[in-house]
Amino acid sequence: MSAGLNLAQQEAVNYMHGPCLVLAGAGSGKTRVITHKIARLIQAGLEAKRIAAITFTNKAAAEMRERAKSLVGREAKEVLICTFHALGVRMMRQDGTALGLKPQFSILDSDDVTSILKDAGGTTDAATARQWQWAISAWKNAGLNAAQALAQAKDDNERITAKVMERYEERLTAYQSVDFDDLIGMPLRLLRDFPEVREKWQKALGHVLVDEYQDTNATQYELLKLLLGERGRFTAVGDDDQSIYGWRGATLDNLRKLPQDYPTLKVVKLEQNYRSTSAILRAANNVIQPNPKLFPKTLFSELGEGEPVRVVDCDSEEHEAERMVARIQSIRANGAGKDWKDFAVLYRANHQARVFEQALRKAQIPYKVSGGQSFFDRAEIRDLCGWLRLWVNNDDDPAFLRSVTTPKRGIGHQTLQSLGTFASQYKLSLFAALFSPSLGSVLNARAVGSLHEFGRYVNDLEFRARHTVGAEDAKAFLLEWLKDIGYEKHLYDGEDNEKVAAARWTNVLDFIDWMSARCGGEIDDTAGVTLATERKTLLEVAQTIALLSTISEREKDQNVVTLSTLHASKGLEWPHVVLAGCVEGMLPFKPEDADGGAVTESFVQRLQEERRLMYVGITRAQRSLAVSWSKKRKKGREMVPAQPSRFIAEMALDKTTVKEDPREKLKALRAEFAKKSADAAAAAAAASGAA
Ligand code: ATP
Ligand code: MG
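Our subject in this report is the structure included herewith.

Calculation criteria
- Residues numbered from 1 in each chain as written.
- Chains lettered and ligands numbered in written order.
- Predicted model: local features only at pLDDT ≥ 70, side-chain atom pairs only at ≥ 80, totals over all residues.
- Heavy atoms only, no water.
- Helix = DSSP H or I, 4+ residues; strand = E, 2+ residues; numbered from the N terminus.
- Buried < 20%, exposed > 50% of the residue type's maximum accessible area, 1.4 Å probe, protein only.
- Polar contact = N/O pair within 3.5 Å; in protein donor to acceptor, adjacent residues only side chain to side chain.
- Contact = heavy atoms within 4.5 Å.
- 1 Å grid on protein atoms, 1.4 Å probe; cavity = no way out; pocket = protein on both sides within 12 Å on 5 of 7 lines; lining within 4 Å.
- Points joined across faces, edges and corners; volume = space filled by probe spheres on them.
- Nonpolar A, V, L, I, M, F, W, Y, C, P; charged D, E, K, R; others polar.
- Expected span 1.5 Å × (residues − 1).
- Near = heavy atom within 4 Å.
- Areas by Shrake-Rupley, 256 points an atom, 1.4 Å probe, with all protein chains shown as cover.
- Pairing = 2+ DSSP bridges.
- Axes fitted to C-alpha atoms, helices over the stretch in contact; angles between N-to-C directions.

### Quick look at the environment of aspartate 313
And then number 1: Within the secondary structure layout, aspartate 313 lies in strand S11 (residues 310-314).
And then number 2: The partly exposed category is assigned to aspartate 313, whose relative accessible area is 21%.
And then number 3: As a C-alpha pair, aspartate 313 and lysine 631 span 318 residues in sequence and 7.6 Å in three-dimensional space.
And then number 4: Among the polar contacts listed, one links the side chain of aspartate 313 to the side chain of tryptophan 629, at a separation of 2.9 Å.

### Details of the environment of cysteine 582
And then number 1: In this fold, cysteine 582 is placed in the loop between strand S15 (574-579) and helix H25 (601-618).
And then number 2: For the pair cysteine 582 and valine 311, spaced 271 residues apart in sequence, the C-alpha to C-alpha distance is 9.8 Å.
And then number 3: Excluding residues that lie within four positions of it along the chain, cysteine 582 makes contacts with Leu587, Met614, Val627, Ser628, Trp629, Gln643, Pro644, Ser645 and Ile648.

### Concerning empty space enclosed by the protein
And then number 1: The tally for this structure, following the rule as stated, stands at three cavities of 30 Å³ or more.
And then number 2: Every element with two or more residues in the lining of the largest cavity is listed here: strand S4 (106-107), helix H16 (379-392) and helix H24 (538-544).
And then number 3: With three residues, H16 is the single largest residue contributor to the lining of the largest cavity.
And then number 4: Here the residues of the lining of the largest cavity sort into seven nonpolar, three polar and two charged.

### So, helix H20 (residues 445-467)
And then number 1: With 23 residues, H20 should cover 33 Å at 1.5 Å per step; its first-to-last C-alpha distance of 33 Å lies within 8% of that length.
And then number 2: Residues of H20 that are buried include every one of Ala447, Val448, Leu451, Phe454, Gly455, Tyr457, Val458, Leu461, Glu462 and Ala465, and no others.
And then number 3: Looking at the packing, one finds that the buried side of H20 touches H16, helix H17 (397-405), helix H18 (413-425), helix H19 (430-434), helix H21 (471-485) and H24.

### Here we look at the site of ligand 1
And then number 1: In the region of ligand 1, 19 residues are neighbours, and Lys30, Thr31, Arg32, Glu573 and Arg620 sit closest.
And then number 2: At 3.2 Å from an oxygen atom of ligand 1 is found a main-chain nitrogen or oxygen belonging to serine 28.
And then number 3: A distance of 3.0 Å is found between an oxygen atom of ligand 1 and a backbone nitrogen or oxygen belonging to glycine 29.
And then number 4: Contact with the protein chains hides 86% of the accessible area of ligand 1, taken as 630 Å² for the molecule alone.
And then number 5: At three residues, the largest contribution of residues to the shell around ligand 1 is made by helix H2 (residues 30-43).
And then number 6: Broken down by class, the residue content of the shell around ligand 1 amounts to three nonpolar, 10 polar and six charged.

### Quick word on the sheet that holds strand S12 (residues 343-347)
And then number 1: In space, the six strands of this open sheet follow the order S11-S16-S15-S12-S14-S13, with parallel pairing throughout. Strands at the two margins of the open sheet, each flanked by one partner only, are S11 and strand S13 (367-370). Taking each pair of neighbouring strands and ignoring which way they run, the sheet shows an average axis angle of 20°.
And then number 2: Sheet analysis places S13 next to strand S14 (residues 561-565), joined by four bridges and oriented parallel. Across the sheet, tyrosine 367 pairs through a bridge with valine 561, a residue of S14.
And then number 3: Where helix H14 (residues 317-333) meets the sheet, its contacts fall on S11, S12, S14, S15 and strand S16 (621-630), and the angle it forms with S16 comes to roughly 155°.

### Focus: the sheet that holds strand S3 (residues 80-83)
Hydrogen bonds along the backbone pair up the strands of a sheet, which may run parallel or antiparallel.
And then number 1: Taking strand neighbours across the sheet as the criterion, the six strands line up as S3-S2-S6-S7-S1-S8 in an open arrangement whose pairing is parallel. Each end of this open sheet is capped by a strand with a single partner; those strands are S3 and strand S8 (266-270). Sheet twist, expressed as the mean angle between neighbouring strand axes with direction ignored, is 15°.
And then number 2: Note: strand S1 (residues 20-24) against strand S7 (residues 234-238), four bridges, orientation parallel. Bridging across to S7, valine 22 finds its partner in valine 237.
And then number 3: H2 rests against S1, strand S2 (51-55), S3, strand S6 (207-210), S7 and S8 of the sheet, and its axis sits at about 165° to S6.
And then number 4: Helix H4 (residues 84-95) contacts S2, S3 and S6 of the sheet and is inclined by roughly 110° relative to S3.

Set out below in structure tokens:
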């Protein structure tokens, strides 16, 4: 089991009976410690199902499960490998009734939350609603409910937000729905307030491992502590220099507190980086150097100096994209990288992907965009998910409204408004209100009739989904349903451009295939909600989908170039990386704007977080790294002059080696290739002439 681990890693893996923290820089094998420790714990006799490993994304969970499987075989399937949120779902489906939640509760996505907040706060302005959303989320993450938030509100604005929060909470209870923050906050309450539930979970888990510990927030830490209990058998691994989710409430306090809360904590430091060449690692160390150090760390690589890190100066974003393509092609032409999947282009914000996508498409290079708009954010998929949610939880009002109007079925706005008023008067969900005998007092017979018809149809679908098992049956059922509601026609009617409609319909069919495959148990549930790959009913599968952020998780081994935000690149590695868009204002991200240019405390902190983001980006690269920037950048609709990111200077690269136009190399290669083929042709002609 010690194969492929250095001494410090072995120490962390073999320390099984108490709390353990592995604190080390990027690429030092922290995640590797977790996978190997899972295997070690099983080998030492701990039942696989009593081990939980918590990762930062669903994708990371899927990868870890693969690696664990290759170390321990089938037993790895029983290990609970998932995100904090998926763990929360599992806990609440099992024990949420204690908090008044039925097991089929719905999980709202961010858009649902925005529209509920609009309704709760009586506004149509999305920006206002989103501000509330942000503030409420922060309160929830700090463990406050609406009443507590109101009590500590500092000004009118906060008091209004707290009032909106109160109405928002009421609605969620009525809809039997939870938001993403609740997936942590509610399990926490469950463990805190219900000792028998706490004991059950503490007994069930023999060891908990947490990856990317530096990016946990305060509630997650509280939840973790309650899960662990007195014995504190856990392994946390992390790197304070890679904490990049402070804006979402993650706090390094969790690292600071660990030695205090667990006085017997064993701290292991790893110093060898196995990922990157010395040139890359030096740039990374230089960049992070100005940040204050929570823990002193050193990192060295034995992979040799390697290629120098390049800085690529460009005239415009289009030019930058062109040079990125040229770089990829020239590295491939040189034989240094064979597969498209060896390459990644990383940037600060989602919207930066577009110009790179266009350039890659033009060059016919296959790629995928990760961390961008997910499959599940597409309107057509959200339509279908709305229906599925309604089957699972009839009281999910946002899902009800979406389904009853998509496609249109002659139930109009006025009917729905009257139904809504009636429902809130009697504190019923829309679905429950629809079957109320006294509904006739507010709606005419025809309207009541169409509502009943819809209600019966949903009940019928739910019944059948509950009894549909296996891939084939699921697929047949789903296709029949889409035909019933006329969804394909709805797509074509709603879209002037036929090609767009066709693409949407293809997405729908993809979605159906994917759902069916899950019913057949062909795909591991990457959300970790259900681990075994047994056949499931359609209703069971529908219950898990709200948690999946991207369908492309099933496509992990595609041979394509990755385009990704820096945030979504955490924990991953590629042989060749381009860090694009490294200009002031993007990376670091508009740090001056917030406080009108003043160097405030929060400015300093944000700048430090941006620097950590740059450090994360640099340390994704194994063999080659290019940092590109362009002299102009888009700001809204305008083009404005741009300065290279201060982080480029902070990398302290060797000036003589950094400038190079990759197109020159490619041109030379092309010329050489053309000459070779000409020579070969001449030789062939000569040979045939001689014959
Ligand atoms: P990050 O901070 O980016 O999450 P990490 O510390 O989790 O990085 P890993 O992803 O576990 O690092 O490891 C980085 C790379 O080094 C991986 O390719 C891994 O397989 C390899 N590696 C780790 N430890 C060893 C080792 N002892 N021997 C050989 N290769 C190793
Ligand atoms: Mg890692």
